[in-house]
Amino acid sequence: EYATLSASLRCGAMMPLDGKKTIRINDRFFIGGPSGASVGGLRGFKGRGIGPRDGADALGGNCFYTAGLMLSLPVPDTTILGRFMAAQFHMFGTVGDLLGADELKLVRDGGGRELLNRVQNGTRMAVGLGLALGLPFGRVEINFCHVLRATDYDRKQRFQVGLTQSFG
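Residues numbered from 1 in each chain as written. Predicted model: local features only at pLDDT ≥ 70, side-chain atom pairs only at ≥ 80, totals over all residues. Heavy atoms only, no water.

> Got a minute to help me understand a nonpolar patch on the surface in this structure?
Taken together, the side chains of Leu5, Leu69, Leu71, Leu73, Phe89, Met91 and Leu129 make up a nonpolar region of the molecular surface, amounting to roughly 650 Å² of accessible area. Sort the elements by how many residues they give to the nonpolar patch and strand 4 (residues 63–74) lands first, with three residues. Among the structural elements, Leu129 can be located in strand 6 (residues 124–135). (Patch = residues over 30% accessible without salt bridge, like charges linked within 9 Å, V, L, I, M, F, W, Y side chains within 5 Å. Areas by Shrake-Rupley, 256 points an atom, 1.4 Å probe, with all protein chains shown as cover. Salt bridge = Lys/Arg side-chain N within 4 Å of Asp/Glu carboxyl O. Helix = DSSP H or I, 4+ residues; strand = E, 2+ residues; numbered from the N terminus.)

In structure tokens:
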């Protein structure tokens, strides 16, 4: 028997090459959802649940980061879950943020201190517990989440189910 401590950091940024055009909405970053579900997964929030909105529609952003820390413990082999599904219990903490074009202009215009304040005050945080099942078609993750920090327009999700597949 063993315990596994893992950490992750994902980030991305994009800027138009000519400096004038805006980035199309379908090319922007979107974050939220179980960590294995997308590049910008962030447990505790719905898919596309972080960032500015136009009514119910997510607008995405030009820059994002997510980070997480997880402790996993195997379910004992004396149970059905442990023996046949390689199940693991896990505890996690996640943080992340999504920045739009206006925030990235601060970097270009030398406003690093304003950007740092925006990131400090805008970082979302969640913690939780979950169960991961190793199945023949992939890894199914069931999570119960508690959001510690969010904005008024973020979409939270206390219960999440995610599927991760590996190819190769």
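There is more to say, and it comes next.
> Explain the sheet that holds strand 8 (residues 159–164) to me, please; I cannot follow it from the model alone.
Across a sheet, paired strands are connected by hydrogen bonds in the backbone, their directions being either parallel or antiparallel. Strand order in the open sheet made by the six strands is 1-4-5-6-7-8, with antiparallel pairing throughout. The open sheet terminates on both sides in strands that have one partner only, identified here as strand 1 (4–13) and strand 8. Each adjacent strand pair in this sheet contributes to an overall mean axis angle of 25°, direction not counted. Relative to strand 6, strand 5 (residues 88–99) runs antiparallel, the two being bridged by nine bridges. (Pairing = 2+ DSSP bridges. Axes fitted to C-alpha atoms, helices over the stretch in contact; angles between N-to-C directions.)

> I tried to follow the pattern of salt bridges on my own but got confused; where do I start?
Any two side chains of opposite charge can pair, on the condition that their charged atoms come close. Counting across every chain of the model gives five salt bridges. As a salt-bridge pair, Arg24 and Asp27 come within 2.8 Å of each other at their nearest N and O atoms. On the accessibility criterion, Arg24 (54% relative accessible area) is exposed. Owing to a relative accessible area of 35%, Asp27 belongs among the partly exposed residues under this scheme. Arg43 is paired through a salt bridge with Glu141; the nearest N and O atoms lie 2.9 Å apart. One end of the pair, Arg43, is in the loop between strand 1 and strand 2 (53–54); the other, Glu141, is in strand 7 (residues 138–149), with 98 residues separating them in the sequence. Of the residues examined, Glu141 reaches a relative accessible area of 4% and is grouped as buried. (Buried < 20%, exposed > 50% of the residue type's maximum accessible area, 1.4 Å probe, protein only.)

> It is not clear to me how the side chain of His90 should be interpreted in this structure. Could you clarify?
Position of His90 among the secondary structure elements: in strand 5. Separated by 2.7 Å, the side chains of His90 and Asn143 make a polar contact. Leaving out residues up to four positions away in the same chain, His90 has contacts with Met70, Leu71, Ser72, Gly128, Leu129, Gly130, Leu131, Ala132, Arg139, Glu141 and Asn143. (Polar contact = N/O pair within 3.5 Å; in protein donor to acceptor, adjacent residues only side chain to side chain. Contact = heavy atoms within 4.5 Å.)

> I keep staring at the state of the cysteines and nothing clicks. Help me out?
Per the stated rule, a full pass over the model turns up zero disulfides. With no disulfide of its own, Cys11 lies closest to Cys63 among cysteine sulfurs, the gap being 7.6 Å. (Disulfide = S-S within 2.5 Å.)

> Would you mind showing me how to read the pairing of strand 5 here?
Looking along a regular strand, one sees side chains alternate from face to face of the sheet. With 12 bridges connecting them, strand 4 and strand 5 associate as antiparallel partners. Looking at strand 5, one finds that Leu69 is bridged to Gly93.

> Explanation requested: the packing of aromatic side chains in the structure shown.
Any pair of aromatic rings gets described here by the distance separating the centres and the angle formed by the planes. Per the counting criterion, the structure on display carries two aromatic pairs. Each ring, one from Phe29 and one from Phe64, has its centre 4.9 Å from the other, and the planes form 55°; the classification is tilted. In this pair, Phe29 sits in the loop between strand 1 and strand 2 while Phe64 sits in strand 4, placing the two residues 35 residues apart along the sequence. Residue Phe64 is classed as buried on the basis of its relative accessible area, which comes to 3%. With centroids separated by 5.2 Å and ring planes inclined at 50°, the aromatic side chains of Phe144 and Phe159 adopt a geometry described as tilted. Here the residue Phe144 occupies a position in strand 7, and Phe159 occupies one in strand 8, the gap between them amounting to 15 residues. The class for Phe159 is partly exposed, based on a relative accessible area of 43%. In this structure, Arg43 packs its charged tip against the face of Phe92, placed 4.8 Å from the ring centre. In this structure, Arg48 is placed above the aromatic ring of Phe30, and the distance from its NZ or CZ to the ring centre is 3.9 Å. (Phe/Tyr/Trp six-rings, centres within 6.5 Å; stacked < 30°, edge-to-face > 60°. Lys NZ or Arg CZ within 6 Å of the ring centre and 35° of its normal.)

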